[in-house]
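Spelled out, the chains give:
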Amino acid sequence: MKRSGIYWLCPSIEEVHQRRASILDDIGYQVYFFENLEVLIKEICVKRAKILILGDEWPSDVAMKQIQTFANIPDIIGARLLLSNSRNDYDLMQAACMEGFRDVIPIDLDDAEWLQRFEFATSGMESILDLHDDLKKFEEKIEINIPARVVWIGTQTMWIESKTLAEVGDSIRIKGAFAERLGLKEINAQVVEKQKSHLSYRFSEALVVNWWKDVMARAEPQKIKETLDYLTRVDLGLRPKIFLAIQSPALRTTILRYTDRRKYEVHTALQKSSLVYEPRFFTPDLIFIEEQMTSGEGHQAFLEMIRYLPEHATIVTIGGRNEGGDVKGSSGNRRMRSLRHIPTNLADLIEKDYLSAFHLKKPENTANRLAFLPHDHALSYSMVTSEAKLQSADYLQFEISSANRFHTYSMIRLQGSKLSQMLGGPAYMKVVACAAPDDEQKGPYRFKAHLCNLVEPVRAALAKSPKNMAKAK
């Protein structure tokens, strides 16, 4: 049986790493440790790992760059990313949440709990993770922040991607650099549309929200004007999306040389199964695919993929002697091109031929779409905020009721005076179960979440008697 690979980046391999690798080995994983980021990246280009773990034992500035690098390697867009938390570096945990990491797992969990948490985060199977009973009462009003990424900001609306389960018509509170630039603590935005296609980040869906109405009512006119002027200066424009369904590492690397990431958004299929579902959410304008993946056993997956492509998309097959009738006839009337080898003028072909239909089409709401933000720009990072109440807890699991709903598997940040005092900072959590709301129409919505922070401070505080614990709070 083929074993799934896990790449683990850490400055040194300690006993705890070896023990966890042995546990993972017993359930069919092969762990490869790396102590150098560049070596890991080279290996990814050849073998393309499904799961990557980043240890936080590096200096903070080094680990921060590694988080950003992990999240933006085209070859691992579909990989599961985990941060191993050994020292409660709050900036690193925040960055991992914002970059769409699946989980931040405390390294001081016992082996059984660590393994359950790992399997829950990487497989997405709710039944794997045990839920705790007999939680101690712990009442406190808190604020929940869930990561969101801004793709574009228009003159009235903006496109954000998040695991926020808001519905059309709902009002959500958005914090971040955009609100701050407008001189506001937060923006009360109304959801006008939901999308599950044309996605750019590692989140489940997108919301189009109206920010203009609230800002016009509360922000200074000069701040608004300055912000709109600034947006025109940072605008990247609507970049074409390119998807590579290429198994050959050398071929994939060659094509990437001709796809400037300042001009294009580029994703690659992590494995054969990714061929179907990744284009469904990414919605590419151009696909490069090896000819062998369009026929035989791969033909059905190829047909399924085509269903989710926009009508203007171009499909370029590579490696065949010519365009096979079977492929051409099943392309859904989309533009087909065929290459036997990668030509030296591929960049020109992409711009002038393969994407010609994209450049001719008129983007939707062109009058509204003011600025498409660089993926690493401060304005692209935001948080959706909700009032909540912490109801009970033990050393690892918390039960919370909130005015808003959150998707199971979401990463969230909790802030409250008592809880923050115990932890020395905000609590980062993984939502593991969402119960039915007390009132299905209005909430509050109850859910359970497991702690990402090192659990020892909470374990010690919750072990105290209720009287002493109250004093500690």
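Residues numbered from 1 in each chain as written. Predicted model: local features only at pLDDT ≥ 70, side-chain atom pairs only at ≥ 80, totals over all residues. Heavy atoms only, no water.

1. Quick word on the overall build of the protein chain
Line of reasoning, step 1. When you go through the protein chain residue by residue, the secondary structure sums to 17 helices and 21 strands.
Line of reasoning, step 2. The burial tally for the protein chain puts 54% of its 473 residues in the buried class.
Line of reasoning, step 3. As displayed, the protein chain offers around 21,100 Å² of accessible surface, 50% of which is attributable to carbon and sulfur atoms. (Helix = DSSP H or I, 4+ residues; strand = E, 2+ residues; numbered from the N terminus. Buried < 20%, exposed > 50% of the residue type's maximum accessible area, 1.4 Å probe, protein only. Areas by Shrake-Rupley, 256 points an atom, 1.4 Å probe, with all protein chains shown as cover.)

2. Regarding the nonpolar core
Line of reasoning, step 1. Grouped together as the largest cluster of nonpolar side chains are 71 residues, with contacts concentrated most on Phe118, Ile172 and Ile400.
Line of reasoning, step 2. Broken down by element, this core gets its largest block of residues, seven residues, from strand S6 (residues 136-154).
Line of reasoning, step 3. Contact partners of Ile172, with chain neighbours within four places excluded, come to Ile160, Ala166, Ile187, Asn188, Ala189, Val191, Leu207, Val209 and Val384.
Line of reasoning, step 4. Listed in part, the 28 residues of the second largest apolar core include Leu52, Leu81, Ala95 and Tyr428. (Core = buried A, V, L, I, M, F, W, Y, C linked by side-chain atoms within 4.5 Å. Contact = heavy atoms within 4.5 Å.)

3. Quick notes on the sheet that holds strand S3 (residues 51-55)
Backbone hydrogen bonds are what pair the strands of a sheet, in a parallel or an antiparallel way.
Line of reasoning, step 1. Read from one edge to the other, the open sheet built from five strands follows the order S2-S1-S3-S4-S5, with strand pairing classed as parallel. The open sheet has two edge strands, strand S2 (29-34) and strand S5 (103-106), and neither has a second partner. Along the sheet, successive strands turn relative to each other by an average axial angle of 25 degrees, direction set aside.
Line of reasoning, step 2. In this sheet, S3 lies alongside strand S1 (residues 4-9) in parallel orientation, the contact comprising four bridges. What sits directly across from Leu9, in S3, is Leu54.
Line of reasoning, step 3. Sitting on the sheet, helix H3 (residues 60-71) touches S1, S3 and strand S4 (80-85), and the angle it makes with S3 is about 170 degrees. (Pairing = 2+ DSSP bridges. Axes fitted to C-alpha atoms, helices over the stretch in contact; angles between N-to-C directions.)

4. A look at the sheet that holds strand S13 (residues 286-290)
Line of reasoning, step 1. Strands sit in the order S12-S11-S13-S14-S15 across an open sheet of five strands; the sheet is parallel. Taken across any chain shown, the strands that pair with only one partner, and hence form the sheet edges, are strand S12 (265-268) and strand S15 (335-339). Strand-to-strand twist of the sheet, defined as the mean angle between neighbouring strand axes without regard to direction, takes the value 20 degrees.
Line of reasoning, step 2. Helix-sheet contacts for helix H9 (residues 249-257) involve strand S11 (241-245), S12, S13 and strand S14 (314-318), and the interaxial angle to S11 is about 165 degrees.

5. Looking at empty space enclosed by the protein
Line of reasoning, step 1. Scanning the entire structure with this criterion turns up two cavities of 30 Å³ or more.
Line of reasoning, step 2. Computed from the structure, the largest cavity encloses a volume of approximately 50 Å³.
Line of reasoning, step 3. Every residue along the wall of the largest cavity is listed here: Met158, Ile174, Lys175, Gly176, Ala177, Phe178, Ala179, Ile187, Leu379, Tyr381 and Ser382.
Line of reasoning, step 4. For the lining of the largest cavity, the elements supplying multiple residues, two or more each, are strand S8 (171-176), helix H6 (177-181) and strand S17 (381-393).
Line of reasoning, step 5. Partitioning the lining of the largest cavity into residue classes produces eight nonpolar, two polar and one charged. (1 Å grid on protein atoms, 1.4 Å probe; cavity = no way out; pocket = protein on both sides within 12 Å on 5 of 7 lines; lining within 4 Å. Points joined across faces, edges and corners; volume = space filled by probe spheres on them. Nonpolar A, V, L, I, M, F, W, Y, C, P; charged D, E, K, R; others polar.)

6. So, unusual backbone geometry
Line of reasoning, step 1. Its identity as a non-glycine residue notwithstanding, Asn88 has a phi of 50 degrees, on the positive side.
Line of reasoning, step 2. On the secondary structure map, Asn88 appears in the loop between S4 and helix H4 (90-98).
Line of reasoning, step 3. One non-glycine residue, Tyr409, lies in positive phi territory at about 85 degrees.
Line of reasoning, step 4. Residue Tyr409 is classed as buried on the basis of its relative accessible area, which comes to 17%.

7. With respect to the packing of H3 against H4
Line of reasoning, step 1. The N-to-C vectors of H3 and H4 enclose an angle of 5 degrees; their axes lie 10 Å apart at closest approach. Between H3 and H4, the interaxial angle falls into the category roughly parallel. Of the residues in H4, those in contact with Ser60, Ala63, Met64 and Ile67 of H3 are Asp91, Leu92, Ala95 and Ala96.
Line of reasoning, step 2. Residues belonging to the contact of H3 with H4 are distributed by class as follows: six nonpolar, one polar and one charged. (Parallel < 35°, antiparallel > 145°, perpendicular 65-115°, else oblique.)

8. What to know about the packing of aromatic side chains
Each pair of aromatic rings is reported with the distance of its centres and the angle of its planes.
Line of reasoning, step 1. Tallied over the full model, the rule gives 12 aromatic pairs.
Line of reasoning, step 2. With 5.5 Å between their ring centres and 90 degrees between their planes, Tyr29 and Phe118 make a pair best called edge-to-face. With Tyr29 in strand S2 and Phe118 in helix H5 (residues 111-123), the pair connects residues that are 89 residues apart, well separated along the chain.
Line of reasoning, step 3. Ring centres 5.5 Å apart and planes at 80 degrees place the aromatic pair Trp211 and Trp212 in the edge-to-face group.
Line of reasoning, step 4. An aromatic cluster of at least three residues, connected via ring pairs, comprises Trp8, Tyr29, Phe33, Trp114 and Phe118.
Line of reasoning, step 5. The ring of Tyr201 carries Arg149 above its face, with NZ or CZ at 4.1 Å from the centroid.
Line of reasoning, step 6. One residue, Arg181, lies across the ring of Tyr230, its end atom 3.8 Å from the ring centre. (Phe/Tyr/Trp six-rings, centres within 6.5 Å; stacked < 30°, edge-to-face > 60°. Lys NZ or Arg CZ within 6 Å of the ring centre and 35° of its normal.)

9. Some points on the pattern of salt bridges
Line of reasoning, step 1. Inspection of the entire model under this criterion finds 23 salt bridges.
Line of reasoning, step 2. Note that Lys194 and Glu205 form a salt bridge whose closest N and O atoms lie 3.5 Å from each other. With Lys194 in strand S9 (residues 187-195) and Glu205 in strand S10 (residues 205-210), this residue pair connects regions lying 11 residues apart in the sequence.
Line of reasoning, step 3. You can call Lys194 partly exposed: its relative accessible area is 28%.
Line of reasoning, step 4. With relative accessibility at 6%, the residue Glu205 sits in the buried group.
Line of reasoning, step 5. The residue Glu399 makes a salt bridge to Lys448 at a minimum N-O spacing of 3.5 Å. Taken together, the residues span a long stretch of sequence, with Glu399 in strand S18 (residues 397-402) and Lys448 in strand S21 (residues 445-451) at a distance of 49 residues.
Line of reasoning, step 6. Judged by relative accessible area, which is 18%, Glu399 ranks as buried. (Salt bridge = Lys/Arg side-chain N within 4 Å of Asp/Glu carboxyl O.)

10. Digging into the pairing of S2
Line of reasoning, step 1. Note: S1 against S2, six bridges, orientation parallel. Bridge pairing in S2 places Ser4 opposite Tyr29.
Line of reasoning, step 2. Taking the sense of rotation as the criterion, the β-α-β connection linking S1, helix H1 (residues 15-26) and S2 turns out right-handed. (Right-handed = clockwise from strand over helix to strand, strands pointing away.)

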